[in-house]
Amino acid sequence: MELNKIKKAEKLDKNFYTRDPLTVARELLGKIFVRRENGITLLGKIVETEAYDGATDESAHSYNGKTKRNAVMFEEGGVLYVYFTYGVHFCANVVTGQKDEGTAVLLRAFEPLNNFDLLAERRFNKSDITEKEKLNLTNGPGKICQAFNIKRSENGISLLGNQIYILNSEPVSDGMTVQTTRIGIKKSTELPWRFYIRNNPFVSKK
DNA sequence: ATCAAGATTACCT
DNA sequence: GGTAATCTTGATA
């Protein structure tokens with residue numbers, strides 16, 4: 001079965017994460033995000049990402065330097081940066097680069113691969129969902145965190161541990177990769193730092 | 001102490 | 001297409 005093959009893939013290592021955020025954002029497409037809790041393993045294929053770089057990018061949380069909120073973003077690549085926004089949602093980022101650079105990749109959408117009942121319970125308070133609702137499980141940064149139970153307590157967690165990590169996969173070809181401008185920001189809107197897999201139905205927006 | 005804004009989502013017309 | 005929901009943080013005083 002396909003899932004068994006995925007589970008045997010290798011965990012992405014430190015060297016993957018300590019590169020620049022644009023490269024990591026591009027290469028994270030197609031990789032398998034793993035969330036383990038209480039013996040349950042949730043799997044999601046990463047289909048949409050955005051890069052943020054505090055050095056030049058006014059929309060990055062890290063642009064104005066380190067604060068209590070964004071401190072994790074300044075750690076060495078390979079940890080998870082989780083923040084709370086609009087009083088409602090959490091968003092999860094993969095921290096990239098070297099220590100004190102303040103770079104990260106926002107995880108914007110997954111294609112869910114297993115445990116659809118649990119994901120549906122968390123998102124819609126029911127396990128039976130329509131095909132349309134299935135597409136709405138993890139097609140946005142806040143939805144990912146709700147479905148995969150990522151919250152404050154996961155901020156700063158290492159991606160090299162066994163609770164949350166990412167598995168390698170075949171690279172997504174250039175032809176299947178779309179690079180465009182980011183969503184939901186008001187500054188640095190011209191930067192083409194968003195990546196998604198072409199024609200994937202779980203991407204948050206065309 | 002006060003206040004505005006926010007890397008969003010769901011629901012309304 | 002418009003907007004309410006809901007709360008934490010960081011800036012300013």
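Below or above, wherever it landed, is the structure these notes cover. (Residues numbered from 1 in each chain as written. Chains lettered and ligands numbered in written order. Predicted model: local features only at pLDDT ≥ 70, side-chain atom pairs only at ≥ 80, totals over all residues. Heavy atoms only, no water.)

1. Some remarks on the overall build of chain A
Broken down by element type, chain A carries six helices and eight strands. Secondary structure elements of chain A occur, N-terminal to C-terminal, as α-α-α-β-β-β-β-β-α-α-α-β-β-β. Relative to the globule expectation of 17 Å for 206 residues, the C-alpha radius of gyration of chain A, 16 Å, shows essentially globular dimensions. With respect to the three principal axes, the spread of C-alpha positions in chain A is 45 × 40 × 35 Å. Looking at chain A as a whole, 50% of its 206 residues are labelled buried. Residue pairs in contact within chain A that sit at least 24 positions apart in sequence constitute 62% of those at least 6 positions apart. Counting every atom, chain A has about 10,200 Å² of accessible surface; 48% of that belongs to carbon and sulfur. (Helix = DSSP H or I, 4+ residues; strand = E, 2+ residues; numbered from the N terminus. Rg over C-alpha atoms; globule rule 2.2 N^0.38 Å. Buried < 20%, exposed > 50% of the residue type's maximum accessible area, 1.4 Å probe, protein only. Contact = heavy atoms within 4.5 Å. Areas by Shrake-Rupley, 256 points an atom, 1.4 Å probe, with all protein chains shown as cover.)

2. Focus on the side chain of N70
Tracing the backbone shows N70 in the loop between β2 (40–53) and β3 (80–85). A polar contact of 3.0 Å, which involves the side chain of N70, links it to the backbone oxygen of G65. One polar contact links the side chain of N70 to the main-chain amide nitrogen of T67, over a distance of 2.7 Å. In this structure, N70 is in contact with H61, S62, G65 and Y81, ignoring residues within four places of it in sequence. (Polar contact = N/O pair within 3.5 Å; in protein donor to acceptor, adjacent residues only side chain to side chain.)

3. Some words on the protein's contact with DNA strand B
The local shell around DNA strand B holds 20 residues, among which H61, Y83, N93, R123 and G142 are the closest. In this structure, H61 approaches DNA strand B through a side-chain N or O atom, which is 2.3 Å from a phosphate oxygen. Between a phosphate oxygen of DNA strand B and a main-chain N or O atom of G184, the distance comes to 3.1 Å. Counting residues per element, the ones that place at least two in the surface near DNA strand B are β4 (89–96), β5 (103–112) and α6 (141–147). Of the residues contributing to the surface near DNA strand B, the split by class is eight nonpolar, eight polar and four charged. (Near = heavy atom within 4 Å. Nonpolar A, V, L, I, M, F, W, Y, C, P; charged D, E, K, R; others polar.)

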